[in-house]
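Each chain, letter by letter, is given below.
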Amino acid sequence: MNTSPTNTFIEEQSIKRLLDGWGLQRDTCRWDELRACYAPGATMVTTWFDGAATDFVEASIRAATSNTLVQHFFGPSAIQIKGQRAIAETRLILLVRTELEGAEVDVTCYGRFIDRLVLHDGQWRILARIPIYEKDSLVPLDPQRPLQLDHARLNRHPVAFRHLAYLQELGGATITTRIPPHNSEAQHALYAAGQDWLHSA
């Protein structure tokens, strides 16, 4: 691959379009387009899923039949490209509206997606995706209706996404333990492993 500044900018824009498109396709049930975001053999980690990206899409299809509204908003991406490999770190806000104790609530979760990407048939595709969450909150739509959370259950989950995990666990999800805490040794190890992968091509 030609790594001139012009071509690097074009490749970065192509990756950014892919990552932005992932959120819209996931949230609007464009399943074939979502599948096309991933390279063969891709993996996906999120709070409620850890496995093959193909299985993640199928699980997302099933989840879309619930009354939960999910929206992903992406901010800037820091992208590194080396040959046919790339790493991207992208700001993320996850918005979830659902029902808890018979009341509508909003959960807001802030973090980043860490992606390994590869060129597949001339197009950038996600090979591995894992989030790092920083903080979250839970707010009832009706402020006059206070919530009675089970604090023992709430505090079992990582503080950065405990409200999100609380709701998902109540809905029957198994919460993964593989998400690195923000600014932790596990996060630094993830960064180091990514750099090793990027430069081992």
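From a predicted model like this one, the values you see are computed outputs, not experimental measurements. Starting afresh in each chain, residues are numbered from 1 along the sequence in its written order. Selection of residues for local features in this predicted model requires a pLDDT of at least 70, selection of side-chain atom pairs for listing and counting requires 80 or more, and totals for whole chains, interfaces and linings are taken over all residues. In computing side-chain properties, one takes all heavy atoms of the structure into account and sets aside hydrogens as well as water.

Colleague: Now, about the overall build of the chain: what can you tell me, with residues and values included?
Modeller: Per the convention used, a helix needs a DSSP run of H or I reaching at least four residues, while a strand needs a run of E reaching at least two, with both numbered from the N terminus. Across its full length, the chain carries six helices and six strands. Across the chain, helices and strands are ordered from the amino to the carboxyl terminus as α-α-β-β-α-β-β-β-β-α-α-α. Its C-alpha atoms give the chain a radius of gyration of 18 Å, within 12% of the compact-globule value 17 Å for 201 residues. In terms of its C-alpha atoms, the chain occupies a principal-axis envelope of roughly 60 × 35 × 25 Å. The buried label goes to any residue with under 20% of its type's maximum accessible area, the exposed label to any with over 50%, and the partly exposed label to all in between, with areas taken from a 1.4 Å probe on protein chains only. Taking all 201 residues of the chain together, the buried fraction comes to 40%. Taking the intrachain contacts of the chain between residues at least 6 apart in sequence as the baseline, contacts between residues at least 24 apart amount to 62%. For the accessible areas, the method is Shrake-Rupley and the probe is 1.4 Å, while residue cover comes only from the protein chains on display. Within the structure as shown, the chain displays about 10,600 Å² of accessible surface, and the carbon and sulfur contribution to it stands at 51%. Charge-centre separation for the chain: the mean point of 20 positive side chains lies 2 Å from the mean point of 23 negative side chains. Here the globule rule reads 2.2 Å times residues to the power 0.38, and the radius of gyration is calculated from C-alpha atoms. In this description, contact between two residues means that some pair of their heavy atoms is separated by no more than 4.5 Å. The positive count covers Lys and Arg only, the negative count covers Asp and Glu only, and His and the chain ends enter neither. Taken as the charge centre is NZ of Lys, CZ of Arg, CG of Asp or CD of Glu, depending on the residue.

Colleague: Residue-level account of the layout of surface pockets, with values.
Modeller: Here a cavity is any set of points on a 1 Å grid over the protein atoms alone where a 1.4 Å probe fits but cannot get out, and a pocket is any open set with protein on both sides within 12 Å along at least 5 of 7 lines; a residue lines the site when it has an atom within 4 Å of a point. Grid points are joined across faces, edges and corners, and a volume is the space filled by probe spheres set on the points. Size it by volume and the largest pocket reaches roughly 790 Å³. Lining the largest pocket we find 31 residues, and of these Ala63, Ser66, Thr68, Val70 and Gln168 sit closest to its centre. Sorting the residues of the lining of the largest pocket by element identifies α1 (5–27), β1 (38–46), α3 (53–63), β3 (69–82), β4 (85–100) and α5 (162–170) as the ones contributing at least two each. With five residues, β4 is the single largest residue contributor to the lining of the largest pocket. Class assignment of the residues belonging to the lining of the largest pocket gives a composition of 18 nonpolar, ten polar and three charged. The volume enclosed by the second largest pocket comes to roughly 310 Å³. Lining the second largest pocket are 19 residues, with Ile87, Ile114, Arg116, Leu190 and Gly194 sitting closest to its centre. Just so you know the grouping, Ala, Val, Leu, Ile, Met, Phe, Trp, Tyr, Cys and Pro go in nonpolar, Asp, Glu, Lys and Arg go in charged, and all remaining residues, Gly too, go in polar.

Colleague: Residue-level account of α3, with values.
Modeller: Of all the residues in α3, the buried ones are Ala53, Phe56, Val57, Ala59 and Ser60. Down the axis of α3, the buried side of the element spans an arc of 165°, and every buried residue falls inside it. In α3, the exposed positions angled more than 90 degrees off the buried face are occupied by Thr54 and Arg62. In this description, one arc is meant: the one made by directions from the helix axis to the C-beta atoms.

Colleague: So what's going on with a nonpolar patch on the surface? Which residues, and what values?
Modeller: In this scheme, patches are assembled from residues that exceed 30% relative accessible area and form no salt bridge. Like charges are connected within 9 Å, while nonpolar side chains (Val, Leu, Ile, Met, Phe, Trp, Tyr) are connected within 5 Å. We define a salt bridge as a contact between a side-chain nitrogen of Lys or Arg and a carboxyl oxygen of Asp or Glu at a distance within 4 Å. Taken together, Phe73, Ile93 and Tyr110 make up a surface patch of nonpolar side chains, about 250 Å² in accessible area. Looking at the secondary structure, you find tyrosine 110 in strand β5 (residues 103–120). Assessed through its relative accessible area of 33%, tyrosine 110 is described here as partly exposed.

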